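Breakdown of the fold
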Amino acid sequence: MKSAVETLNPTRVRLTVEVPFEELKDSLDAAYKKINQQVTVKGFRKGKIPARVIDQRFGRGAVLEEAVNDALPKFYTDAVNEADLNVLGQPEVDITELKDGETLNFTAEVDVRPALEIPDYSGIEVEVDAVEVSDEDVDKAVTELRERFASTSPVERAAEDGDVVTIDLEAKVDGEVLEDGVASGVSYTIGSGELLEGIDDAVKGLETGGEATFTSELKGGSAAGKEAEVTVKVTQVAARELPELDDEFAQLASEFDTLEELRADSRKRLENMKQYDQATQAQERVLEKLLELVEVPVPEKLLEDEINTRKHNLEHHQLGQMGLDLEKYLEIQGKTAEEFDAETKEAAVKGIKTQFVLDELVKQEKLNVSQEELTEHLMRRAASSGMSPDQFAQAVVEGGQVPMLVGEVARGKALAVVVEKATVKDTNGEIIDLDDEEDETEAPEAAADATEDAPVEEKAEEKTEG
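Keep in mind the model is a prediction, meaning the values are calculated, not measured.

What follows concerns the environment of Val142. Take Val142: it is sitting in helix α4 (residues 135–148). According to the relative accessible area criterion, Val142 is buried, its value standing at 3%. Spatially, the C-alpha atoms of Val142 and Ser27 are 74 Å apart, while their sequence positions differ by 115 residues. With near-sequence residues (within four places) excluded, Val142 lies in contact with Leu245, Phe249, Arg263 and Ser266.

On the surface, Asp247, Asp257, Glu260 and Glu261 cluster together to form a negatively charged patch. When you line up the elements, Asp257 lands in the loop between α6 (247–253) and α7 (259–293).

Here we take up the pattern of salt bridges. Counted according to the given criterion, the structure contains 30 salt bridges. For Arg12, the salt bridge is made with Glu109, and the minimal N-O distance between the two is 3.4 Å. Separated by 97 residues along the polypeptide, Arg12 in strand β2 (residues 12–20) and Glu109 in strand β4 (residues 103–112) bring together distant segments of the chain. Using a relative accessible area of 16% as the deciding quantity, one classes Arg12 as buried. Where Asp29 meets Lys25, a salt bridge forms, and the shortest distance between an N and an O atom there is 2.9 Å. Here Lys25 and Asp29 lie together in helix α1 (residues 25–38), a separation of 4 residues that amounts to about one turn. Through salt bridges with shared partners, a single ionic network connects Glu6, Arg12, Arg14, Glu92, Glu109 and Asp111.

A grouping of Val397, Val402 and Val406 is seen on the molecular surface, where their side chains present a nonpolar patch of about 220 Å² in accessible area. By the secondary structure assignment, Val402 is in helix α13 (residues 402–421).

Let's shift gears to unusual backbone geometry. Positive phi values are uncommon outside glycine, yet Asp174 reaches one of about 55 degrees. Tracing the chain through its elements places Asp174 in the loop between β7 (164–173) and β8 (176–189). One non-glycine residue, Lys366, adopts positive backbone phi at about 55 degrees. Here Lys366 is to be found in the loop between α10 (337–364) and α11 (371–385). Looking at Lys366, the relative accessible area reads 68%, which means it is exposed.

Parameters at a glance
- Residues numbered from 1 in each chain as written.
- Predicted model: local features only at pLDDT ≥ 70, side-chain atom pairs only at ≥ 80, totals over all residues.
- Heavy atoms only, no water.
- Helix = DSSP H or I, 4+ residues; strand = E, 2+ residues; numbered from the N terminus.
- Buried < 20%, exposed > 50% of the residue type's maximum accessible area, 1.4 Å probe, protein only.
- Contact = heavy atoms within 4.5 Å.
- Patch = residues over 30% accessible without salt bridge, like charges linked within 9 Å, V, L, I, M, F, W, Y side chains within 5 Å.
- Areas by Shrake-Rupley, 256 points an atom, 1.4 Å probe, with all protein chains shown as cover.
- Salt bridge = Lys/Arg side-chain N within 4 Å of Asp/Glu carboxyl O.
- Lys, Arg positive; Asp, Glu negative; His and termini not counted.
- Charge placed at Lys NZ, Arg CZ, Asp CG, Glu CD.

As structure tokens, this is what we get:
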């Protein structure tokens, strides 16, 4: 077999492959054997039909077609390996010449990873938000904790903001009660905004036994997005009573003995959260600066596939779970279809560029992923997916996604290397030492966000199409 590579552009090549006919012998034998098992010829036992009879009865062309389809993936893979190409996706194969007994010639056009030059990135400087926790922040955190320990008691008066009402609901569309439009004994805090739009105004001022009717757009269920006439009946009004802010509350709501200790712990927790946000912000901004330094051509077909994947995941998974379609989602977001398409393309381009650049850094810095790092990343991914580590690991293995997870960890480590060499200052001009705020093994956060649903290149060994 002989092969040559022609570079069509920085992200696409054409392989020209010449195969001597004798190298098709194994595939030809396999083709005759396969056809033998599929056909019957009078006078011959199944599987024992001579090759010349198959040629006469079914045509040599059918045998050659079967043999070539069987052999092409191997010859293509050999040519890819011989040229040391890093291919992306499936090739477009064109058989240019097939002479029985002489030669098989074909071309294969395929996207490849572009060759990248990573310049010196040690001079990257970024600014992040300063970690500042005010007394008002602490007050808000303690108030939220206090509200979690609020008690309720029934009252004989009209419902007011902040009250907890028990209600029955009935929704009608076009005068018909929906099968899934009836609910009883629903607990609702007035002003929380957790139910239908308009319900607060409807129930405020009602006493136990009172009812009202209002019009609202349904958020979910069989008639999601439709206007419905909703009847609400109040079966109980209860006032919320907050515990006193004192040492007794601190002992009730925490492991601390005094309110002062509880407030100090709340402040520390808020500082930790802001430090984590600061570290994530630093990663994101360093990544943006890094991408600005590198010229990254993006394969058109890969970009098209990535855009389609992102749209599909949004429409059929995320929005589907919320009972929304794309049109309604855009209406809620206040975006046009053109704006949505532009944003999706921008995110897809960034995801592809991030993956290419960080993968190149992994090679350049000779970074490896240990079993411990992979396990830790798997545990975090499992937690965010709502699955147990065992369930998630099984799904990853069965789906052949282990290389994808390894890539995520490696890219995270590559980004950590860049962040470590960057100068990070807060808005007060103070230099931030991120080593005190995060562990390097957690650096995949920004990389994973940027490459979310990013394309995972298909192996050259996979069966070619066409």
